[in-house]
Number of protein chains: 4
Amino acid sequence: MAEPFNHSSADAVSAPVQGGTPKADEQLRAIVARIERLEEEKKALMADIKEVYDEAKGNGFDVKVLRQVIRIRKQDRQERMEMEAVLETYLGALGDL
Amino acid sequence: MAEPFNHSSADAVSAPVQGGTPKADEQLRAIVARIERLEEEKKALMADIKEVYDEAKGNGFDVKVLRQVIRIRKQDRQERMEMEAVLETYLGALGDL
Amino acid sequence: MAEPFNHSSADAVSAPVQGGTPKADEQLRAIVARIERLEEEKKALMADIKEVYDEAKGNGFDVKVLRQVIRIRKQDRQERMEMEAVLETYLGALGDL
Amino acid sequence: MAEPFNHSSADAVSAPVQGGTPKADEQLRAIVARIERLEEEKKALMADIKEVYDEAKGNGFDVKVLRQVIRIRKQDRQERMEMEAVLETYLGALGDL
């Protein structure tokens, strides 16, 4: 597949970068449009997530701890138990329990 | 609105944290379910975005530069021009143009 | 104090950015040299920190837990206890203990 | 070298984590002390760097652009030129120059 017009900087040839071809320009525009649309959706989703946390805060929940709960629930349970046991051992050794 | 069961750590009373009430537990479960569902959607979207970048790379585009283009297109055009002019002045003063 | 040559982009005047003055160029070079020297020192320190973690790993310590210990020891003890109590309540309500 | 007392969570054996030995506790304390001392030095250095940026700002320099200059000067010059050429081509194809 002939490289459209792009000489990616990593393997750029010494010759100056050539101008794009109509086909490559169109391809680039389509790629950028798709990325920007997906990023808009992502931005909206992150706003929804923030809204749920704000609502939770309004209902008296501790958002910092709630985020910790969400992180913990993503972890493998067995692995978490083992890490907590090791953590307890270390904190005990340091007098920080 | 009586605080369900949560004493957020920031304003936690000296009394030990009480157990949840059925209503508060249910509220917490609903909040966590909503956050986890939204985070799953976000994760899927980020995979879609990565897919487009991978596709672009396969078509010979420079992904690092492509990301820079997406960032630049989010900036206010006038502000960008001014920053680039100041950048050029600084790099010139440092002999880095 | 007359602004040397820099029109910071935020408050850039409509006139194009003027070239620097010898004094401003010298000032900029001195600032950049100081920042770069401090960043070199920071880089060396971060390498030293990494080295200690690598050594700890070599001695059989769990680096992930060790980092957690370092983070925990930076927290206010009372605050940490309260957060852990709230966390326990939430995880209990979700059946994740 | 017999593993002191730590069963790193990654390869934790099914047996419950044993208590530390005096020697392992001492080793852990030494490691934590070294890390915390190095992190204090790093924190002081970062304060120094911030101070230089604040001073630059007070002298009319644009801190955002100054940070960009510091980043750019870390890049390989040839690589930077090639990336800027590709960037220009992409922005041109998108009508964003």
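Please read all numbers here as calculations on a predicted model, not as lab measurements. Each residue is numbered by its place in its chain's sequence as written, counting from 1. Each chain gets a letter, beginning with A, and each ligand a number, beginning with 1, in the order they are written. Since the coordinates come from a predicted model, pLDDT governs what is reported: local features require at least 70, and pairs of side-chain atoms require 80 or more to be given and counted, while whole-chain, interface and lining totals use all residues. Hydrogens and waters are ignored; side-chain quantities use all the structure's heavy atoms.

Draft legend 1. Structural view of the overall build of chain A. Only runs of H or I of at least four residues qualify as helices and only runs of E of at least two qualify as strands under DSSP, and these elements are numbered from the N terminus. Of regular secondary structure, chain A possesses three helices and zero strands. Helices and strands appear in chain A in the N-to-C order α-α-α. Buried means the residue's accessible area, taken with a 1.4 Å probe over protein chains only, is under 20% of the maximum for its type, while exposed means over 50%, and partly exposed covers the values in between. Here chain A, with 97 residues, has 39% of them falling under the buried criterion.

Draft legend 2. Structural context of the environment of B:A56. Residue position: B:A56 is located in helix 1 (residues 22–58). Distance from B:A56 to B:L66, taken between C-alpha atoms, is 8.7 Å for residues 10 residues apart in sequence. Any two residues having at least one pair of non-hydrogen atoms within 4.5 Å are treated as being in contact. When residues no more than four places from it in sequence are discounted, the contact partners of B:A56 are A:I31, B:F61 and B:L66.

Draft legend 3. Representation of the side chain of D:D62. Residue and element names in this part refer to chain D. With respect to the helices and strands, D62 occurs in the loop between helix 1 (22–58) and helix 2 (63–74). Buried and without a salt bridge, D62 has K64 as its closest oppositely charged side chain, separated by 7.3 Å. Counting of polar contacts relies on pairs of N or O atoms within 3.5 Å, with two restrictions inside protein: one atom must be capable of donating a hydrogen and the other of accepting it, and residues adjacent in sequence are counted only when both atoms are side-chain atoms. Engagement of the side chain of D62 in a polar contact is seen with the backbone nitrogen of K64, the distance being 3.0 Å. Among the polar contacts listed, one links the side chain of D62 to the backbone nitrogen of V65, at a separation of 3.1 Å. Note that His is not counted, nor are the chain ends; the positive residues are Lys and Arg, and the negative ones are Asp and Glu. Salt bridges are defined by distance alone: a side-chain nitrogen of Lys or Arg within 4 Å of a carboxyl oxygen of Asp or Glu.

Draft legend 4. Region of the structure containing the UniProt feature "coiled-coil region" (unreviewed entry) in chain A. UniProt positions are given in the numbering used here, feature names are shortened, and annotations may be inferred rather than shown by experiment. UniProt marks residues 21–55 of chain A with the feature "coiled-coil region" (unreviewed entry), using the numbering shown here. Across residues 21–55 of chain A, helical content stands at 97% and strand content at 0%; the span's end C-alpha atoms are separated by 51 Å.

Draft legend 5. Here's a closer look at the packing of helix 1 (residues 22–58) of chain A against helix 2 (residues 63–74) of chain A. Residue and element names in this part refer to chain A. Between N-to-C directions, angles cover 0 to 180 degrees, with each direction set by a line fitted to C-alpha atoms, over the stretch in contact for helices. Contact geometry of helix 1 with helix 2 gives a least axis separation of 10 Å together with a crossing angle of 130°. By the angle between their axes, helix 1 is oblique relative to helix 2. As helix 1 runs across helix 2, the sense of the crossing is right-handed. On helix 2, the residues that touch Y53, A56 and K57 of helix 1 are V63, L66, R67 and I70. Each residue belonging to the contact of helix 1 with helix 2 can be placed in one class, and the counts come to five nonpolar, no polar and two charged. Roughly parallel means an angle under 35 degrees; roughly antiparallel, over 145; roughly perpendicular, 65 to 115; everything else is oblique. Rotating anticlockwise by less than a right angle from the far helix to the near helix defines a left-handed crossing, while the corresponding clockwise rotation defines a right-handed one. Amino acids are sorted into nonpolar (Ala, Val, Leu, Ile, Met, Phe, Trp, Tyr, Cys and Pro), charged (Asp, Glu, Lys and Arg) and polar (every other residue, Gly among them).

Draft legend 6. Representation of the confidence of the model for chain A in the model. Residue and element names in this part refer to chain A. Looking at chain A, the pLDDT average stands at 84 and 79% of residues meet or exceed 70. When pLDDT is averaged over each helix and strand of chain A, the minimum, 94, is found for helix 3 (residues 77–93) and the maximum, 97, for helix 2. A low-confidence stretch, residues 10–19 (pLDDT under 50), is modelled with 13 contacts involving residues beyond four sequence positions or located in other chains. Interface scoring of the predicted complex returns ipTM 0.78; its pTM is 0.79. Think of pLDDT as the predictor's per-residue confidence, scored from 0 to 100.

Draft legend 7. The arrangement of the packing of aromatic side chains in detail. Any Phe, Tyr or Trp ring, taking Trp's six-membered ring, that has another such ring centre within 6.5 Å forms a pair; planes under 30 degrees apart are called stacked, those over 60 apart edge-to-face, and the others tilted. Counted by the stated rule, this structure contains four aromatic pairs over all chains. Geometrically, the ring pair formed by B:F61 and D:Y90 is edge-to-face, given 5.9 Å between the ring centres and 70° between the ring planes. You can see B:F61 sitting in the loop between helix 1 and helix 2 (63–74) and its partner D:Y90 sitting in helix 3 (residues 77–93), one on each of two chains. You'll find B:F61 and D:Y90 in the same group, each marked buried. Just above the ring of A:Y53 sits the side chain of A:R67; from NZ or CZ to the centre is 3.9 Å. Either the NZ atom of lysine or the CZ atom of arginine qualifies as a charge over a ring when it sits within 6 Å of the ring centre and within 35 degrees of the ring normal.

Draft legend 8. Quick peek at the domain arrangement of chain A. Residue and element names in this part refer to chain A. For chain A, the assigned domains read domain 1 (21–61) and domain 2 (62–96). In this structure, domain 1 and domain 2 have C-alpha centres spaced 31 Å apart. Taken together, the five residues of domain 1 in the interface contact five residues of domain 2. Buried area adds together the accessible area that both of two parts lose upon being put together, with accessible area traced by a 1.4 Å probe. Interface area for domain 1 against domain 2, summed over the two sides, is near 460 Å², with a carbon-plus-sulfur share of 70%. At the junction of domain 1 and domain 2, the tally comes to zero salt bridges. At the surface where domain 1 touches domain 2, the tally comes to one residue pair in polar contact (both at pLDDT 80 or more). Of the residues that constitute the side of domain 1 that touches domain 2, the class distribution is three nonpolar, one polar and one charged. These domain limits were set by an automatic method or by a database of domain assignments.

Draft legend 9. Quick peek at the pattern of salt bridges. Considering all chains together, one arrives at 24 salt bridges over all chains under this definition. Ionic pairing is found between A:R80 and A:E84, a salt bridge with its closest N-O pair at 3.7 Å. With A:R80 and A:E84 both in helix 3, this residue pair falls four residues apart, about one helical turn. Across the salt bridge formed by D:K74 and C:E39, the nearest N and O atoms sit 2.6 Å from each other. Residue D:K74 is found in helix 2, and its partner C:E39 is found in helix 1 (residues 22–58); the two belong to separate chains. Connected through salt bridges with shared partners, the residues A:E36, B:R73 and D:D96 form a single ionic network.

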